[in-house]
Amino acid sequence: MTTTETTPNPIQSARTLLKELQEKFTVFGEFLPLAIGIDKQLIAQIPDVSRKSLRTALGIHTNSLRYLKGMEKATVRFNLDGSNADEVTEVHRTHATTTLKERFKKNAEHRKAQRQAEETQRKAAAKLREAEEAERLRAEKLTQLAEKFSRKN
């Protein structure tokens, strides 16, 4: 057996845990703003949960696009049972907005670089086709010249 077969991938187990949390708790399933300290509420409800997996799952969840979009407009945070917790501060709304803008900017830059790479590749392929065509015409011309001079002999 290899190590990967005996020890689960921490990211994969965090994703599995997150999926379970989304099915079990409405606040996760609906991507509502979570109460600060929600990890303590989760540990109280699921005492045998791996703290590392929980931390990773919460990170994945709170950095998701849906969660950040919800945080931008939210005014209230929620406990596990769906009851209101504390208010979402302007600092947290601004952080969500900034994170989203940076992510969108990064994605746009990535798409632009990808388009430029594709365009460069397309131009290189076109130049190669032109060079191949020029070589074919040259070879054809040489063949015609060789035929012309070989008839006279």
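Up top is the structure.
Presented here is an overview of the structure given in this document. (Residues numbered from 1 in each chain as written. Predicted model: local features only at pLDDT ≥ 70, side-chain atom pairs only at ≥ 80, totals over all residues. Heavy atoms only, no water.)

1. Quick notes on helix α5 (residues 51-62)
Since there are 3.6 residues in each turn of an α-helix, residues three or four apart along the chain are aligned in direction. In this model α5 runs 16 Å from its N-terminal to its C-terminal C-alpha over 12 residues, within 8% of the 16 Å that 1.5 Å per residue would give. Regarding α5, the residues found buried are Ser53, Leu54, Ala57, Leu58 and His61. The buried residues of α5 occupy an angular sector of 130° when the element is viewed end-on, so they sit on one face. Residues of α5 that are exposed and point more than 90 degrees away from the buried face comprise Lys52 and Arg55. (Helix = DSSP H or I, 4+ residues; strand = E, 2+ residues; numbered from the N terminus. Expected span 1.5 Å × (residues − 1). Buried < 20%, exposed > 50% of the residue type's maximum accessible area, 1.4 Å probe, protein only. Arc of directions from axis to C-beta.)

2. Quick word on the nonpolar core
One finds Leu21, Phe25, Phe28, Leu42 and Leu54 to be the most contacted residues of the largest nonpolar core, which totals 27 residues. The element best represented in this core is helix α2 (residues 10-24), accounting for four residues. Ignoring any residue separated from it by four or fewer positions in sequence, one finds Leu54 in contact with Leu17, Leu21, Asp39, Leu42, Ile43 and Val49. (Core = buried A, V, L, I, M, F, W, Y, C linked by side-chain atoms within 4.5 Å. Contact = heavy atoms within 4.5 Å.)

3. Quick look at the pairing of strand β2 (residues 84-87)
As paired elements, strand β1 (residues 76-78) and β2 share two bridges and run antiparallel to each other. In the sheet register, Phe78 faces β2, and the bridge partner there is Asn84. Between β1 and β2, which pair antiparallel in sequence order, lie five residues; one of them, Gly82, sits at a positive phi of approximately 90°. (Pairing = 2+ DSSP bridges.)

4. Some words on the pattern of salt bridges
Two side chains with opposite charge may pair up if their charged atoms get near one another. Evaluated as defined, the whole model comprises six salt bridges. Among the salt bridges present, the one from Glu90 reaches Arg93, with a minimum N-O distance of 3.0 Å. Here Glu90 and its partner Arg93 are both found in helix α7 (residues 90-152), three residues apart, which amounts to about one turn of the helix. Looking at Arg93, the relative accessible area reads 17%, which means it is buried. (Salt bridge = Lys/Arg side-chain N within 4 Å of Asp/Glu carboxyl O.)

5. Details of the layout of surface pockets
Its boundaries defined by the atoms lining it, the largest pocket holds a volume of some 320 Å³. Looking at the largest pocket, it is lined by 15 residues, and the ones nearest its centre are Leu34, Thr62, Tyr67, Met71 and Arg77. At the level of elements, α5, α6 (65-73) and α7 are the ones that each hand at least two residues to the lining of the largest pocket. Broken down by class, the residue content of the lining of the largest pocket amounts to nine nonpolar, five polar and one charged. (1 Å grid on protein atoms, 1.4 Å probe; cavity = no way out; pocket = protein on both sides within 12 Å on 5 of 7 lines; lining within 4 Å. Points joined across faces, edges and corners; volume = space filled by probe spheres on them. Nonpolar A, V, L, I, M, F, W, Y, C, P; charged D, E, K, R; others polar.)

6. Focus: a nonpolar patch on the surface
Nonpolar side chains collect at one region of the surface, where Leu142, Leu145 and Phe149 lie side by side and expose about 290 Å² of accessible area between them. By secondary structure assignment, the location of Phe149 is in helix α7. (Patch = residues over 30% accessible without salt bridge, like charges linked within 9 Å, V, L, I, M, F, W, Y side chains within 5 Å. Areas by Shrake-Rupley, 256 points an atom, 1.4 Å probe, with all protein chains shown as cover.)

7. Brief notes about α6
Among the residues of α6, Tyr67, Leu68 and Met71 are the ones counted as buried. Each buried residue of α6 sits inside an arc of 95° when the element is viewed along its axis, so together they form one side. Exposed residues pointing more than 90 degrees away from the buried face of α6 are listed as Arg66 and Lys73.

8. Digging into the side chain of Ser64
For Ser64, the position within the fold is in the loop between α5 and α6. Owing to a relative accessible area of 17%, Ser64 belongs among the buried residues under this scheme. Apart from the residues within four sequence positions on either side, Ser64 is in contact with Phe31 and Arg103.

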